[in-house]
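Breakdown of the fold
Chain residues, written in single-letter form:
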Amino acid sequence: MRVPDLKSLQLFAAVCDAGNIKRAAQQAHIEPSAVSKRLSGLEERYGVKLLNRHRHGVSPTTAGEAVLEHTRSLMHVLQRIEADVQAFAAGVQGKVRIVASASAIAESLLDDIAEFMRNPAHQAIQVEVEEADSQGVVRAVRDGSAALGVCWDQVQARDLHHIPYRQDELVVAVPVEHPLADRQSLALIEALPYPFVGLPPSSAVTRRLDREAAEHDTMMRWRVLVSNFDAAVRVILAGLAITVLPREVMGVFADAHRLRLIPLT
């Protein structure tokens, strides 16, 4: 298998970003004709059209979008290789990559890593942290791309060595004027008639809530799905929905905003 020409792929990505061959050539300090030749070579190599050429520029085809995504991933890997080598040349003696769920990162993990790094004995160790959903955390550890993973214990990781890290509980978060705000505790079934804001469907909390609702022969009323906790809080404060999320995460927002956190029974 012939390895793709990296320079051609870099120029392809630059052209897609600029939307114009001439502009991308100027940024790369080469002639537009040389860029066009490399792009034609890529299309000939793959046997498929990668760019739609318009009167005022270019845009990737469906095949071009796929090549562009892989090219960006490849460039990211190459940048990490260079950064790692430079770090070792500067005196780093070890590196640990940790993949963790959003809730773990938002709670105590970063403080614990910072405390580890402050120890003089660990000054030559580099720690990388990447966010993923709980299933992605397990996959990263299983395939060896991460040394450690931090995630919910609800995911199936029996083939991996795992130990408890920290404990948290799920709470219902509602505005202080919500009909449920005066409750001291709640069963999930009591909250199900209300619309919810949740994290992506692959997140451990969302999957767990969907399963729990199904056990009651009903479904979660997902009004909004968001990618992070800040966005979820904004939806709650707007009065559009309530949510169920870890107490340690929501506690920070409850202190800063008018939110009530109600334990789930």
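What you see as residue numbers is a count from 1 along each chain, following the sequence as written. Residue-level local features of this predicted model are given only where pLDDT is at least 70; pairs of side-chain atoms are given and counted only at 80 or more, and the full residue set underlies all totals for whole chains, interfaces and linings. Here the side-chain values reflect all heavy atoms present in the structure, with hydrogen atoms and water set aside.

Thoughts on the side chain of Thr71
Numbering of helices and strands starts at the N terminus; helices are DSSP runs of H or I of at least 4 residues and strands are runs of E of at least 2. Topologically, Thr71 is positioned in helix α4 (residues 62-89). The buried label applies to any residue whose accessible area, calculated with a 1.4 Å probe on protein chains only, is under 20% of its type's maximum; exposed applies above 50%, and partly exposed to all values in between. The class of Thr71 is buried, set by a relative accessible area of 2%. The contact criterion used is simple: two residues touch if any of their non-hydrogen atoms lie within 4.5 Å. Each residue touching Thr71, except ones within four places of it in the same chain, is listed here: Leu9 and Ala13.

Quick look at the pairing of strand β8 (residues 222-225)
When DSSP finds two or more bridges between a pair of strands, those strands are recorded as paired. By the bridge criterion, three bridges tie strand β7 (residues 196-198) to β8 in an arrangement that is parallel. Within the sheet, the bridge partner assigned to Phe196 lies in β8 and is Trp222. For the segment spanning β7, helix α8 (residues 204-215) and β8, crossover handedness is right-handed. Orienting the strands away from the viewer, one traces the path from the first strand over the helix to the second; a clockwise path indicates a right-handed crossover.

Topic: the packing of helix α1 (residues 6-18) against helix α3 (residues 32-46)
Angles here are taken between N-to-C directions and fall from 0 to 180 degrees, while the axes themselves are lines fitted to C-alpha atoms, restricted in helices to the stretch in contact. Contact geometry of α1 with α3 gives a least axis separation of 9 Å together with a crossing angle of 110°. By the angle class used here, α1 and α3 are roughly perpendicular. Residues Lys7, Ser8, Leu9, Leu11, Phe12 and Val15 of α1 touch α3, and the partners they reach there are Val35, Arg38, Leu39, Leu42 and Tyr46. Classification convention: Asp, Glu, Lys, Arg as charged; Ala, Val, Leu, Ile, Met, Phe, Trp, Tyr, Cys, Pro as nonpolar; all other residues, Gly among them, as polar. Grouping the amino acids of the contact of α1 with α3 by side-chain chemistry returns eight nonpolar, one polar and two charged. Any angle that is under 35 degrees is reported as roughly parallel, and any over 145 degrees as roughly antiparallel; angles of 65 to 115 degrees are reported as roughly perpendicular and all others as oblique.

Here we look at the environment of Arg38
Position of Arg38 among the secondary structure elements: in helix α3. Once the C-alpha coordinates of Arg38 and Ser73 are considered, the two residues, 35 residues apart in sequence, prove to be 20 Å apart. Once residues within four sequence positions are removed from consideration, Arg38 is found in contact with Asp5, Lys7, Ser8 and Leu11.

Distances and angles like these do not, on their own, reveal function.
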